[in-house]
Amino acid sequence: MPVYKRILLKLSGESLMGAQKYGLDTAVLNSYATQIKAVVDSGVQVGIVIGGGNIFRGLSGVKKGFDRVKGDQMGMLATVINSLALQTALEGEGAKAKVLTSIRMEPIGELYSKAKALELMAGGCVVIIAGGTGNPYFTTDTASALRGVEIEAEVLLKGTRVDGVYTADPRIVKDAKKLDAITYDEMLELASLGAQVLHNRSVEMAKKYNVDLEVVSSFTRNPGTKVKEGSNMEKLLVSGVARDNNCARVAIINLDDTPGTAFKVFSLMAKHNVNIDIILQSVGRDNKKSISFTIRQDDAERVEKILRDAKEMLGYEDISINTKVAKVSIVGAGMASATGVASKMFEALASAGINIRMISTSEIKISVLINEEDSEKAVKAIHEEFFNA
């Protein structure tokens, strides 16, 4: 008797490369097809969403000068190529498979609808949903959560290169520990703070619609990490350490220390759709103050131009933008009712000779901004303090 009646499987495009650096590895495709057919033969209805990172990723296109919308549309087409390849591999194994596309692309694939997907799956057909959500600015992780909710899947299985969520990036911390389970809120924080195993929007959607979520390996059958509601879970003091090197620190020096100054700065950033993270305002002196905040490193040049063009309106003396910074964070549901967590984190950084530039906290998270060159050392030191001390 299968555990689930209907599942949504998310496969990363990168996993289809196998040992290659680009494209499709037929051995990986055939291995996936064999395993998926076995699941279908056991009586489980299967829907699949595949990424396109082995061919083209929208965000990488932006860095090469493509418009974001066009880049994301190219990424959608990459997912269609991967979906057709998997359909072919499944049919080669004797399984029924059908590609449904989020954008109209007949005769390559039929336009996706919930009713059509459910009809096909009820008949034992594997439904591969290509083209992401059909809209730019949304990842295939988000698309998989959306489709999982729509087809009423009992679980969303996110296949990755690792076999679950770890207490730190195992490429940095060799003795990082795999978590059996983590709460939606903890995973949401980690995803937002640089952990790349899941996109935060997909976690938000799974939490909102109470879809079981499990991070598993695309290459092994090892148990993964379950992401679920935290009310019945043991609350770990710290569940994970995350690093985000895509940061820049903006300092606006000697602004007028008057009501409305911060509003002027951040309404300007909002007008230009700049995402702000940590904010620090200095204590006013001689009717002047400075405001610092962090942004994505990708936005640094654009923000510098916006601020310089608005110098007269804002009335500052100077600005400084540092792109050689990183954010390192710890996340844990147990922090909400514990003391001394920040002290332990700061002690670990001090012992490693790492200076803290900015600090931000929430109920289950502490983040620090440090020099980028120290970020890997910081992750190791903090992980040692909380998990091996």
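Please refer to the structure higher up on the page.
Residues numbered from 1 in each chain as written. Predicted model: local features only at pLDDT ≥ 70, side-chain atom pairs only at ≥ 80, totals over all residues. Heavy atoms only, no water.

1. Some details on the overall build of the protein chain
Along the backbone of the protein chain there are twelve helices and 15 strands. At 23 Å, the protein chain has a C-alpha radius of gyration in line with the 21 Å of a compact globule built from 389 residues. Its C-alpha atoms put the protein chain at 75 × 50 × 35 Å along the principal axes. Sequence separation of at least 24 residues holds for 75% of the intrachain contacts in the protein chain that already meet a minimum separation of 6. Averaged over its 48 positive side-chain charges, the protein chain has a centre that lies 3 Å from the centre of its 47 negative ones. (Helix = DSSP H or I, 4+ residues; strand = E, 2+ residues; numbered from the N terminus. Rg over C-alpha atoms; globule rule 2.2 N^0.38 Å. Contact = heavy atoms within 4.5 Å. Lys, Arg positive; Asp, Glu negative; His and termini not counted. Charge placed at Lys NZ, Arg CZ, Asp CG, Glu CD.)

2. Concerning the sheet that holds strand 10 (residues 240–256)
Here six strands make up an open sheet; going across it, the order is 11-12-10-13-15-14 and the pairing antiparallel. Looking at which strands have only one partner, the edges of the open sheet turn out to be strand 11 (279–281) and strand 14 (358–362). Strand-to-strand twist across the sheet, computed as the mean angle between neighbouring axes with direction ignored, equals 25°. Note that strand 10 and strand 13 (residues 318–331) share eleven bridges and pair antiparallel. Residue pairing for strand 13: valine 250 is matched across the bridge by isoleucine 321. Each of strand 10, strand 11 and strand 12 (288–295) is contacted by helix 8 (residues 261–271), which is oriented at about 25° to strand 12, the strand it contacts most. (Pairing = 2+ DSSP bridges. Axes fitted to C-alpha atoms, helices over the stretch in contact; angles between N-to-C directions.)

3. Focus on the environment of asparagine 355
Summarising the element assignment, asparagine 355 is placed in the loop between helix 11 (341–351) and strand 14. You can call asparagine 355 exposed: its relative accessible area is 56%. (Buried < 20%, exposed > 50% of the residue type's maximum accessible area, 1.4 Å probe, protein only.)

4. Some remarks on the pairing of strand 9 (residues 225–228)
Of the two faces of strand 9, only the one carrying Thr225 and Val227 is buried; Lys226 and Lys228 on the other face are not. Pairing analysis gives three bridges linking strand 7 (residues 181–183) to strand 9, with the strands arranged parallel. Within strand 9, the residue paired with threonine 183 across the bridge is lysine 228. Pairing analysis gives three bridges linking strand 8 (residues 212–217) to strand 9, with the strands arranged antiparallel. The residue of strand 9 that forms the bridge with glutamate 214 is lysine 226.

5. A closer look at the packing of aromatic side chains
Applying the stated criterion across every chain, the model contains one aromatic pair. Centroid distance phenylalanine 266 to phenylalanine 293: 5.2 Å. Interplanar angle 65°. Geometry classified as edge-to-face. With phenylalanine 266 in helix 8 and phenylalanine 293 in strand 12, this residue pair connects regions lying 27 residues apart in the sequence. Like phenylalanine 266, the residue phenylalanine 293 is buried in the burial classification. Positioned above the aromatic ring of tyrosine 112 is the side chain of arginine 147, whose terminal nitrogen or guanidinium carbon lies 4.3 Å from the ring centre. (Phe/Tyr/Trp six-rings, centres within 6.5 Å; stacked < 30°, edge-to-face > 60°. Lys NZ or Arg CZ within 6 Å of the ring centre and 35° of its normal.)

6. Let's talk about the pairing of strand 2 (residues 45–50)
In terms of burial, strand 2 is largely enclosed, as six of its six residues are buried. By the alternation rule, side chains of strand 2 split into Gln45, Gly47 and Val49 and Val46, Ile48 and Ile50, which are all buried. The sheet contact formed by strand 1 (residues 6–11) and strand 2 spans six bridges and is parallel. Residue pairing for strand 2: lysine 10 is matched across the bridge by valine 49. The parallel pair strand 1 and strand 2, bridged by helix 1 (residues 26–41), forms a crossover whose chirality is right-handed. (Right-handed = clockwise from strand over helix to strand, strands pointing away.)

7. Some remarks on helix 8
For helix 8, the set of buried residues is Thr261, Val265, Phe266, Leu268 and Met269. Down the axis of helix 8, the sector holding all buried residues measures 150°, keeping them to one side. Exposed residues lying more than 90 degrees from the buried face of helix 8 are Phe263 and Lys271. Looking at the buried side of helix 8, the elements it contacts are strand 10, strand 11, strand 12, helix 9 (300–309) and helix 10 (311–314). (Arc of directions from axis to C-beta.)

8. Examining the nonpolar core
Core analysis: the largest hydrophobic core is formed by 33 residues, its most contacted members being Val127, Ile151, Val165, Ile182, Met187, Leu198 and Val227. Within the residue set of this core, elements represented by two or more residues are helix 4 (114–122), strand 5 (126–130), helix 6 (184–192), helix 7 (200–208) and strand 8. (Core = buried A, V, L, I, M, F, W, Y, C linked by side-chain atoms within 4.5 Å.)

9. Side note on the side chain of aspartate 25
Relative to the helices and strands, aspartate 25 is located in the loop between strand 1 and helix 1. Among residues more than four places away in sequence, those in contact with aspartate 25 are Leu16, Met17, Gly18, Ala19 and Gln20.

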